[in-house]
Amino acid sequence: MLNKIDAVDYLGSQLKKGLLGYYVTVETEPRMRKKNNPYFGRVKKRTTYFSPVIGGDYHSIVDRRTRSCNPEWFNRTASEAPQEFEATATAESAWKPSMHWYNDFVLQSNTDPEQFYLSLGNRPTTRYYTTWLLDGLEAGKDVVEEFLPFLYERKGEDARQSARGIPPEMQYRPWIVKFENLVEIRQGKSVIWFRGHDDGDLPF
């Protein structure tokens, strides 16, 4: 089996900062309520992100969106505690306790050097396509409607970005995806990554 670090290095060498047109498909297990839930542990969510930010710096992106939506925020006085947002909401401060940047796109666990995460985020133009799997097979609409009530709802807006004057539809939403949950990465028609690349299937 190929060393996972070699696979992560390969992925880092193929991705390019700021490039548009990436398709990133991930497969994750959603957070579900356990009580009286016949679907617990059986559901997977497969999501394709079209044109996401890959490896973006949270603080820089939120600052740019603040300048676009509410440039007056940067003129606030020192008495308004300008450091509060930076101390609690940046990607760096959020990730420091458990992980660090391995390269421009991938984070590495501080406690498990074999655990890596791809850093993703949204642009205003990012689109999402979701398929639900039950016991490994694509779930029909009727089945999806049965297990959706067991899912925990995600928070809609970030109060800290709202305080900066960034409306919910313009707010930056970062995701970190476990390396093993990556299914495929494409740029246009070119396949950069597919599940199995870290199992000795790299093209070199």
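Everything below is about the structure shown above.
None of these values were measured; they are calculated from a predicted model. (Residues numbered from 1 in each chain as written. Predicted model: local features only at pLDDT ≥ 70, side-chain atom pairs only at ≥ 80, totals over all residues. Heavy atoms only, no water.)

Draft legend 1. Spatial organisation of the overall build of the protein chain. The secondary structure content of the protein chain amounts to six helices and 11 strands. For the protein chain, long-range pairs separated by at least 24 residues make up 69% of all intrachain contacts whose partners lie at least 6 apart in sequence. Accessible surface, the protein chain as shown: approximately 11,800 Å² in total, 51% of it carbon and sulfur. (Helix = DSSP H or I, 4+ residues; strand = E, 2+ residues; numbered from the N terminus. Contact = heavy atoms within 4.5 Å. Areas by Shrake-Rupley, 256 points an atom, 1.4 Å probe, with all protein chains shown as cover.)

Draft legend 2. Just helix H2 (residues 58–69), in detail. Compared with the 16 Å implied by 1.5 Å per residue over 12 residues, the 16 Å span of H2 between its first and last C-alpha is a close match. Listing the buried residues of H2 in full gives Tyr-58, Ile-61, Val-62, Asp-63, Arg-65 and Thr-66. (Expected span 1.5 Å × (residues − 1). Buried < 20%, exposed > 50% of the residue type's maximum accessible area, 1.4 Å probe, protein only.)

Draft legend 3. Fine view of the pattern of salt bridges. All chains considered together, the criterion is met by six salt bridges. Its salt-bridge partner being Asp-135, residue Arg-42 comes within 2.7 Å of it at the nearest N-O pair. Here Arg-42 is found in the loop between strand S1 (22–28) and strand S2 (43–50), whereas its partner Asp-135 is found in the loop between strand S7 (127–134) and strand S8 (137–138), with 93 residues between them in sequence. Taking relative accessible area as the criterion, Arg-42 reaches 31% and is therefore assigned partly exposed. Among the ionic pairs, Asp-63 bridges to Arg-164, the shortest N-O distance being 2.7 Å. With Asp-63 in helix H2 and Arg-164 in the loop between helix H6 (159–163) and strand S9 (175–178), the pair connects residues that are 101 residues apart, well separated along the chain. (Salt bridge = Lys/Arg side-chain N within 4 Å of Asp/Glu carboxyl O.)

Draft legend 4. Local environment of the sheet that holds S8. As summarised here, the arrangement of the six strands in space is S8-S7-S2-S1-S10-S11, forming an open sheet in which the pairing is antiparallel. Two strands close off the open sheet at either side, each with one partner strand: S8 and strand S11 (190–194). Where S1 lies against S2, six bridges are found, and the strand directions are antiparallel. Note that in S2 the partner of Glu-27 across the bridge is Arg-46. Packed onto the sheet, helix H1 (residues 4–14) meets S1, strand S10 (182–187) and S11 and runs at close to 155 degrees relative to S11. (Pairing = 2+ DSSP bridges. Axes fitted to C-alpha atoms, helices over the stretch in contact; angles between N-to-C directions.)

Draft legend 5. The packing of aromatic side chains, seen in detail. The final tally for this structure, using the stated rule, is 11 aromatic pairs. Here a set of aromatic residues connected by ring pairs shows up, and it is made of Tyr-102, Phe-116, Phe-179 and Trp-193. A cation over a ring is seen here: Arg-33 above Tyr-152, with NZ or CZ 4.7 Å from the ring centre. Taking NZ or CZ as reference, Arg-164 lies 4.0 Å from the ring centre of Trp-73, over its face. (Phe/Tyr/Trp six-rings, centres within 6.5 Å; stacked < 30°, edge-to-face > 60°. Lys NZ or Arg CZ within 6 Å of the ring centre and 35° of its normal.)

Draft legend 6. A look at the pairing of strand S6 (residues 116–121). Here S6 lies mainly inside the structure; six of its six residues are buried. Burial along S6 is two-sided: the face carrying Phe-116, Leu-118 and Leu-120 and the face carrying Tyr-117, Ser-119 and Gly-121 are both buried. In this sheet, S6 lies alongside strand S3 (residues 53–54) in antiparallel orientation, the contact comprising two bridges. By the bridge assignment, Val-53 is partnered in S6 with Gly-121. Of the pairings in the sheet, the one linking strand S5 (residues 106–109) to S6 comprises three bridges and is antiparallel in character. When the bridges of S6 are listed, Gln-108 appears paired with Phe-116. Following S5, the chain reverses through six residues before pairing antiparallel with S6. Where S6 and S9 come together, four bridges link them in antiparallel fashion. Bridge pairing in S9 links Leu-120 to Trp-175.

Draft legend 7. Geometry of the side chain of Gln-108. Mapped onto the secondary structure, Gln-108 falls in strand S5. According to the relative accessible area criterion, Gln-108 is buried, its value standing at 11%. Side-chain polar atoms of Gln-108 contact the backbone oxygen of Pro-113, separated by 2.9 Å. Beyond its immediate stretch of four places on either side in the chain, Gln-108 contacts Ser-98, Met-99, His-100, Tyr-102, Pro-113, Gln-115 and Phe-116. (Polar contact = N/O pair within 3.5 Å; in protein donor to acceptor, adjacent residues only side chain to side chain.)

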